[in-house]
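Listed below are the residues making up each chain.
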Amino acid sequence: MNEPAKDEGVVLTEAQKRSRRSRSIAIALVLAALVVLFYAMTLVKGPIVLLRPM
């Protein structure tokens, strides 16, 4: 019988794939830097952070 046409969707060029990968790596590095920054700020402030009034 008739098979439905296989739609491949959007096909990226190699340059677009490299660009997407570079952007993803940059976002991951910025996110990791923020995590490290927040962790370091918590360590610098010390346990006094836990003693604040609610």
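Refer to the structure above for everything that follows.
Residues numbered from 1 in each chain as written. Predicted model: local features only at pLDDT ≥ 70, side-chain atom pairs only at ≥ 80, totals over all residues. Heavy atoms only, no water.

Peer 1: I'd like a description of helix α1 (residues 14-45), backed by residues and values.
Peer 2: Between its first and last C-alpha atoms α1 spans 47 Å; for 32 residues at 1.5 Å apiece the expected length is 46 Å, and the two agree. Trailing α1 by a residue or two, Gly46 shows a phi angle of about 75 degrees, which is positive. (Helix = DSSP H or I, 4+ residues; strand = E, 2+ residues; numbered from the N terminus. Expected span 1.5 Å × (residues − 1).)

Peer 1: Report on the pattern of salt bridges, specifying residues and quantitative values.
Peer 2: Summed over all chains, the structure comprises one salt bridge. A salt bridge links Glu14 to Lys17, with the shortest nitrogen-to-oxygen separation between them at 3.8 Å. Here the residue Glu14 and the residue Lys17 both occupy positions in helix α1, the gap between them amounting to three residues, near one helical turn. Residue classification places Lys17 among the partly exposed positions, given a relative accessible area of 44%. (Salt bridge = Lys/Arg side-chain N within 4 Å of Asp/Glu carboxyl O. Buried < 20%, exposed > 50% of the residue type's maximum accessible area, 1.4 Å probe, protein only.)

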